[in-house]
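# Results of the structural survey
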Amino acid sequence: MSSTALLVTDTSTTQEKIATIFEFIDYALVQVSPDKNTAEILSSTNFIIALVALDDVAQNAETVAQINKLQPSLPVYVINEHQEIASHSLKGVSGFLSFPLQYRALLGVIRHAEQEGRRGVSSKSPSVSLTGSSRQLKEVQALIRHVAMTDANVLLLGESGTGKEVVARAIHHLSLRTDRPFVAVNCGAIPPELLESELFGHEKGAFTGAISTRKGRFELAEGGTLFLDEIGDMPLPMQVKLLRVLQERNYERVGGAKTMQSNVRLIAATHQDLEKKIGEGKFRMDLFYRLNVFPIELPALRDRPSDIPLLIREFAIRMELEHRSPIVFDEHAISALRNHPLPGNVRELENLVERLAILFPGETITNQKLPLRYQSENVVNIAASPPSSHEQPVTAAPHHQTDLETGIDLKEYLTNLERSIIEKALEKSDWIVAKAAKSLSLQRTTLVEKIKKLDIQNTVL
């Protein structure tokens, strides 16, 4: 692919300044004004990137639309002094650059365009790892694009399982450091006495058990990105040492005297309220402000239920690629999951899909095949007091209204109703059959027969 960029501008000053930058970074630049035959130029030259720098917003939109139509895979960046306004009024762009241009930002988008071009993937996708089309996720994607080309520290906030490491990797992938290491550390999983050695390394003999020199995570991530997950669990003494690295950009290995220079982009993450921990004296305020340069709040999955079907499909396809029998979810199962709070968020949903793929390989997942805690409630809870002394269970009225005009299969309806009540009784009794039978006013042997007849299995995993 030719290393040639297209610039569409109607301002001579802008044209001269951008041309000077391209000459300095040794990339070819073809410059056209909007009244020229842009279509002819696009059809005769292979560009790696298109830059549009026009004062008129409507003309910007028209030019971007023309480029998208003629070369759909060509990344388009709009250069504008009012970047925020442009980002809300233009569609079909890969990103925005503020004027005057910054060398690192421009070089970053060019390198990214080259990498995506070699892969044959459009650069317009902010991250192939972020699945969903909800407004909340699009806002996160926009923030990723804005911060990726900088070296600003990023603080990722959100509940456990919302995909903080996925976002961290996306930022690294889109940054200037994409060809350098990405190193992740869970601060809550490492004993406090070992965390300093884990981050900064140690020299041979520095402490008992240090039989050889060992590089730390900062050294391993040199030139790249270091992701510190669960930063809220970092002990106070370690916070002081981390602050020093962020301020002075150097550190020493444990037991060493040599000062190591640090060129690392730091991304931290936590599910905790750091400002509350500051008030409790458990987190340093100065470190918080060092980390909180560019915060990104990740939405809980219950706040973007429209993304659940897309995530389920992605997980199912991934497992199929791992040579597992494919599974699909019917609309009732998907509806049940969309109405569930899913406290574990994306991680919980992924684990559930994997679990069901093991239990029901090659099958369609219905509401009844979901573990009980995920199923839609279609009957009222079993009464706390025992029902009458009849052998058969006393069924409760359904929550939903059955449509008798269109007809129902009464036998199937009552069977499903009975199965649901028995499953709930078993779940409440921790699957102790005798206890469940008592709550249903049944003989134990009668309940065992019903469990076999209805093919009820313990799916509480």
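Let us look at the structure shown here. Not measured: the values here are computed from a predicted model.

## Some remarks on the overall build of the protein
Along its length, the protein carries 18 helices and 16 strands. Within the protein, the fraction of its 461 residues that count as buried is 45%. Put simply, 70% of the contacts in the protein that link residues at least 6 apart link residues at least 24 apart. Total accessible area on the protein stands at roughly 24,000 Å², and carbon and sulfur atoms take up 50% of it.

## Quick word on the side chain of Asp 307
Locating Asp 307 in the fold gives a position in the loop between strand 14 (294-297) and helix 13 (308-321). The contact partners of Asp 307, leaving out residues within four places of it in the chain, are Gly 132, Ser 133, Ser 134 and Leu 137.

## Re unusual backbone geometry
Residues other than glycine seldom take positive phi values, yet Arg 249 does so here, at roughly 60°. Counting through the fold element by element, Arg 249 comes out in the loop between helix 10 (236-248) and strand 11 (250-252). You can call Arg 249 partly exposed: its relative accessible area is 32%. Of note, the phi angle at Asp 455 is positive, near 55°, even though the residue is not glycine.

## Concerning the sheet that holds strand 14
Strands sit in the order 7-10-13-6-14 across an open sheet of 5 strands; the sheet is parallel. Edge positions in the sheet fall to strand 7 (182-186) and strand 14, since each of these pairs with one other strand and no more. Ignoring strand direction, the axes of neighbouring strands in this sheet form an average angle of 20°. Direction of pairing for strand 7 relative to strand 10 (residues 225-229): parallel, over a ladder of 5 bridges. Across the sheet, the residue bridging to Ala 184 is Phe 227, located in strand 10.

## Things to note about the packing of aromatic side chains
In this structure the tally under the stated criterion is 5 aromatic pairs. Seen in terms of ring centroids, Phe 288 and Tyr 289 are 5.2 Å apart; in terms of plane orientation they differ by 65°. Their pairing is edge-to-face. Each member of the aromatic cluster is reached from another via a ring pair, and the members are Phe 200, Phe 218 and Tyr 251.

## Quick look at the side chain of Arg 253
By the element assignment, Arg 253 lies in the loop between strand 11 and strand 12 (259-261). Separated by 2.8 Å, the side chains of Arg 253 and Glu 219 make a polar contact. Contacts of Arg 253, omitting those with residues within four sequence positions, involve Phe 200, Gly 201, His 202, Glu 203, Thr 213, Arg 214, Lys 215, Glu 219 and Met 260.

## Some details on the nonpolar core
Counting residues in each nonpolar core, the largest one holds 30 residues, and the members touching the most others are Leu 199, Phe 218, Leu 226, Leu 228, Ile 231, Met 234 and Leu 242. Per-element tally for this core: the top contributor is helix 10, with 5 residues. If we skip the residues at most four places from it in the chain, Leu 226 touches Val 183, Val 185, Arg 217, Phe 218, Ala 221, Val 264, Arg 265, Leu 266 and Ile 267.

## Some points on the sheet that holds strand 3 (residues 49-53)
The strand order 2-1-3-4-5 describes an open sheet built from 5 strands, whose pairing is parallel. Edge positions in the open sheet fall to strand 2 (28-32) and strand 5 (95-98), since each of these has one partner strand only. Mean inter-strand twist for the sheet, computed between neighbouring axes without regard to direction, equals 25°. Relative to strand 3, strand 1 (residues 4-9) runs parallel, the two being bridged by 5 bridges. Within strand 3, the position partnered with Leu 7 by the bridge is Leu 51.

## Side note on the packing of helix 6 (residues 135-148) against helix 7 (residues 164-173)
As a packed pair, helix 6 and helix 7 sit with axes 9 Å apart at the nearest point and diverge in direction by 40°. Classed by the angle they form, the pair helix 6 and helix 7 counts as oblique. Crossing angle aside, the handedness with which helix 6 passes helix 7 is right-handed. Counted together, Val 140, Ile 144, Val 147 and Ala 148 of helix 6 and Val 167, Ala 170 and Ile 171 of helix 7 form the full contact between these two elements. The residue inventory of the contact of helix 6 with helix 7, partitioned by class, reads 7 nonpolar, no polar and no charged.

## Some details on the environment of Ser 262
Summarising the element assignment, Ser 262 is placed in the loop between strand 12 and strand 13 (265-270). Ser 262 sits in the buried class, given a relative accessible area of 7%. Distance in space between the C-alpha atoms of Ser 262 and Tyr 251 is 7.4 Å, their sequence separation being 11 residues. With residues up to four places along the chain from it excluded, the contact list for Ser 262 reads Phe 218, Glu 222, Val 245, Arg 249, Asn 250 and Tyr 251.

## Considerations on the pairing of strand 4 (residues 76-80)
Extensive coverage of strand 4 is indicated by the burial of 5 of its 5 residues. Burial along strand 4 is two-sided: Val 76, Val 78 and Asn 80 facing one way and Tyr 77 and Ile 79 facing the other are all buried. Pairing of strand 3 with strand 4 involves 3 bridges; the strand directions are parallel. Residue pairing in the sheet places Val 52 in a bridge with Val 78 of strand 4. As a crossover connection, the stretch from strand 3 through helix 3 (residues 57-70) into strand 4 is right-handed. Where strand 4 and strand 5 come together, 4 bridges link them in parallel fashion.

## Brief notes about the pattern of salt bridges
Between side chains of opposite charge, a pair can form as their charged atoms come close. All chains considered together, the criterion is met by 16 salt bridges. The residue Arg 302 makes a salt bridge to Glu 159 at a minimum N-O spacing of 2.4 Å. Of this pair, Arg 302 sits in the loop between strand 14 and helix 13 while Glu 159 sits in the loop between strand 6 (154-157) and helix 7, placing them 143 residues apart in sequence.

## Some remarks on helix 7
Of all the residues in helix 7, the buried ones are Lys 164, Val 167, Ala 168, Ala 170, Ile 171 and His 172. Of the surrounding secondary structure, the elements contacted by the buried residues of helix 7 are helix 6, strand 6, strand 7, strand 10, strand 13 and strand 14.

## A word on the environment of Leu 42
When you line up the elements, Leu 42 lands in helix 2 (residues 38-44). Considered as a pair, Leu 42 and Leu 70 are 28 residues apart in the sequence and their alpha carbons are 7.2 Å apart. When near neighbours in sequence (up to four residues on either side) are disregarded, Leu 42 contacts Leu 6, Phe 47, Ile 67, Leu 70, Gln 71 and Leu 74.

Analysis parameters
Residues numbered from 1 in each chain as written. Predicted model: local features only at pLDDT ≥ 70, side-chain atom pairs only at ≥ 80, totals over all residues. Heavy atoms only, no water. Helix = DSSP H or I, 4+ residues; strand = E, 2+ residues; numbered from the N terminus. Buried < 20%, exposed > 50% of the residue type's maximum accessible area, 1.4 Å probe, protein only. Contact = heavy atoms within 4.5 Å. Areas by Shrake-Rupley, 256 points an atom, 1.4 Å probe, with all protein chains shown as cover. Pairing = 2+ DSSP bridges. Axes fitted to C-alpha atoms, helices over the stretch in contact; angles between N-to-C directions. Phe/Tyr/Trp six-rings, centres within 6.5 Å; stacked < 30°, edge-to-face > 60°. Polar contact = N/O pair within 3.5 Å; in protein donor to acceptor, adjacent residues only side chain to side chain. Core = buried A, V, L, I, M, F, W, Y, C linked by side-chain atoms within 4.5 Å. Parallel < 35°, antiparallel > 145°, perpendicular 65-115°, else oblique. Left-handed = near helix turned anticlockwise from the far one by under 90°. Nonpolar A, V, L, I, M, F, W, Y, C, P; charged D, E, K, R; others polar. Right-handed = clockwise from strand over helix to strand, strands pointing away. Salt bridge = Lys/Arg side-chain N within 4 Å of Asp/Glu carboxyl O.

Geometric values such as these leave the question of function open.
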